[in-house]
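Commentary on secondary and tertiary structure
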Amino acid sequence: MRLRICTWNVNSVRLRHEHAARFMKEQAPDVLCLQEIKCREGEFPVDAFREMGLPHLKIAGQKGWHGVAIASALPLEDCAPLDACREGHARCVGAKVAGVEIHNFYIPAGGDIPDRALNPKFDHKLNFYETLTAELGKRDPKAPLAIVGDLNVAPGEFDVWNHRYMSKIVSHTPIEIEAFRAMEASLGLIDLTRSMRPEPEKLASWWSYRAKDFRMSNRGLRLDHILVSPGLKDAAWRLGAPASRIHDDVRGWERPSDHAPVSADLVL
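The structure reproduced in this document is the subject of the present report. (Residues numbered from 1 in each chain as written. Predicted model: local features only at pLDDT ≥ 70, side-chain atom pairs only at ≥ 80, totals over all residues. Heavy atoms only, no water.)

**Observations concerning the overall build of the chain**
Our working definition: Counting from the N terminus, the helices are DSSP H or I runs at least four residues long and the strands are E runs at least two residues long. Computation of the radius of gyration draws on C-alpha atoms, with the globule rule given as 2.2 Å multiplied by the number of residues to the power 0.38. Partly exposed residues are those whose accessible area sits between 20% and 50% of the maximum for their type, while under 20% is buried and over 50% is exposed, using a 1.4 Å probe and protein chains only. Contacts are assigned to residue pairs that have any heavy atoms within 4.5 Å of one another. With residues, only the protein chains shown are counted as cover, and all accessible areas are computed by Shrake-Rupley using a 1.4 Å probe. Positive: Lys, Arg. Negative: Asp, Glu. His and the chain ends are not part of the count. A charged residue contributes its charge at one atom only: NZ of Lys, CZ of Arg, CG of Asp or CD of Glu.
Secondary structure summary: the chain contains eight helices and eleven strands in total. The C-alpha atoms of the chain give a radius of gyration of 17 Å, which matches the 18 Å a tight globule of 268 residues would have. On the principal axes, the C-alpha backbone points of the chain span a range of 45 × 45 × 40 Å. Going through the 268 residues of the chain one by one, you find that 54% of them count as buried. Within the chain, contacts between residues separated by at least 24 positions form 69% of all contacts whose residues are at least 6 apart in sequence. Carbon and sulfur atoms make up 51% of the accessible area of the chain, which amounts to about 12,000 Å² in all. Taken together, the 36 basic and 36 acidic charged side chains of the chain have centroids lying 3 Å from each other.

Here's what the structure looks like:
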């Protein structure tokens, strides 16, 4: 069977559930992992997701901020949590779908100053990565597991519009990239989007609202990721290459999120 997983920082699910319905019609994901839903569990538009064919939901909500959810066409099973947020924010949610353990994260952006001592938000971000890395290191790499979400790090030179400039800006600083790579190495995680479209091709999944035309300014960052354990490598490559893409056309819809959805197919 094909399992299409999609991650999307939707930037308010109540404002953009119609976008989600359109995306469902066009791309038919089996599992839609959302970040920044910006609502509590009881405020989530459950009926809208049922109507679009995603009746199975696991929601971690928070008033006004953060919030993550997994919406699925297939039944969800509980799994051991990977809660790495020391502040108790609604930034982590996990479930098992068709035998695949999926953990959906909205990792903190980290503020403006890339210094742990001066900026508590940046320290929180790095602590989140360190905690997650330690927890993943305890897992079996042969087990089918996916780490997805807005991970708020553009890890590669070609995941930013200007590597030299962005190396001084939170999201692409050396210490953040080191934390991201350590997380990947802890379980041998595989970056499906970059595997599909190798460097030096530039990729981005986020573009600032400040630009009137995001394509013309072309100052994007690849902050949204689908990473899988070695136990899912065969499933990702079963058709010859990972079927993963960034749906940047969605960023051009009316009143869009500043993030584009990212999808990947697994053949189980």
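And the narrative resumes.
**Some words on the layout of surface pockets**
Spelled out, the test is: Buried and open spaces are told apart on a 1 Å grid over the protein atoms alone, a cavity being a set of points where a 1.4 Å probe fits but cannot get out and a pocket being an open set with protein on both sides within 12 Å along at least five of seven lines. Residues with an atom within 4 Å of a point are the lining residues. Grid points are joined across faces, edges and corners, and a volume is the space filled by probe spheres set on the points. When residues are grouped by polarity, Ala, Val, Leu, Ile, Met, Phe, Trp, Tyr, Cys and Pro land in nonpolar, Asp, Glu, Lys and Arg in charged, and all others, Gly among them, in polar.
Taken as a whole, the largest pocket holds about 900 Å³ of empty space. Lining the largest pocket we find 28 residues, and of these Val-170, Trp-206, Ser-208, Arg-210 and Leu-221 sit closest to its centre. Elements represented by at least two residues in the lining of the largest pocket include exactly helix 4 (163-166) and helix 7 (214-217). In the lining of the largest pocket, the residues fall into 14 nonpolar, seven polar and seven charged. In this structure, the second largest pocket encloses a volume near 360 Å³. Around the second largest pocket sit 17 residues that line it, and His-66, Arg-91, Pro-108, Ala-109 and Lys-121 are the ones nearest its centre. No other element matches helix 3 (residues 120-136), which puts three residues into the lining of the second largest pocket. In the lining of the second largest pocket, the residues fall into five nonpolar, five polar and seven charged.

**Quick look at the sheet that holds strand 1 (residues 2-9)**
Put simply, the rule reads: DSSP calls a pair of strands paired once it identifies at least 2 bridges connecting them. Only the contacting stretch of a helix is used when fitting its axis, a line to C-alpha atoms as for every element, and angles between N-to-C directions run 0 to 180 degrees.
Taken in spatial order, the six strands of this open sheet run 3-4-2-1-11-10, and their pairing is mixed. Edge strands, defined here as strands with exactly one partner in the open sheet, are strand 3 (56-60) and strand 10 (243-246). Recorded for the sheet is a direction-independent mean angle of 10° between the axes of neighbouring strands. Packed onto the sheet, helix 1 (residues 13-27) meets strand 1, strand 2 (31-35) and strand 10 and runs at close to 150° relative to strand 1.

**Some points on the packing of helix 3 against helix 5 (residues 174-187)**
Helices that pack against each other are described as a pair by the angle of their axes relative to one another and the distance between those axes. Here is the rule we go by: Small angles under 35 degrees read as roughly parallel and large ones over 145 as roughly antiparallel, with 65 to 115 read as roughly perpendicular and the rest as oblique. For a crossing to be left-handed, the near helix must be turned anticlockwise from the far one by less than a right angle; the clockwise case is right-handed.
Look at helix 3 against helix 5: their axes get within 8 Å of each other, and the N-to-C directions meet at 15°. On the basis of their axis angle, the class for helix 3 and helix 5 is roughly parallel. As helix 3 runs across helix 5, the sense of the crossing is left-handed. Contacts from Phe-122, Lys-125, Leu-126, Tyr-129, Leu-132, Thr-133 and Leu-136 in helix 3 reach Ile-175, Glu-176, Ala-179, Phe-180, Ala-182, Met-183, Ser-186 and Leu-187 in helix 5.

**A closer look at the nonpolar core**
Put simply, the test is: Nonpolar cores were defined as sets of buried Ala, Val, Leu, Ile, Met, Phe, Trp, Tyr and Cys residues, with membership established by side-chain atoms within 4.5 Å.
By size, the foremost hydrophobic cluster in this structure holds 32 residues, and its most contacted members are Leu-3, Val-31, Ile-102, Val-148, Leu-192 and Leu-266. Residues Leu-82, Phe-122, Val-153 and Leu-227 belong to the second largest nonpolar core, which totals 23 residues.

These values are about where atoms sit, not about what they do.
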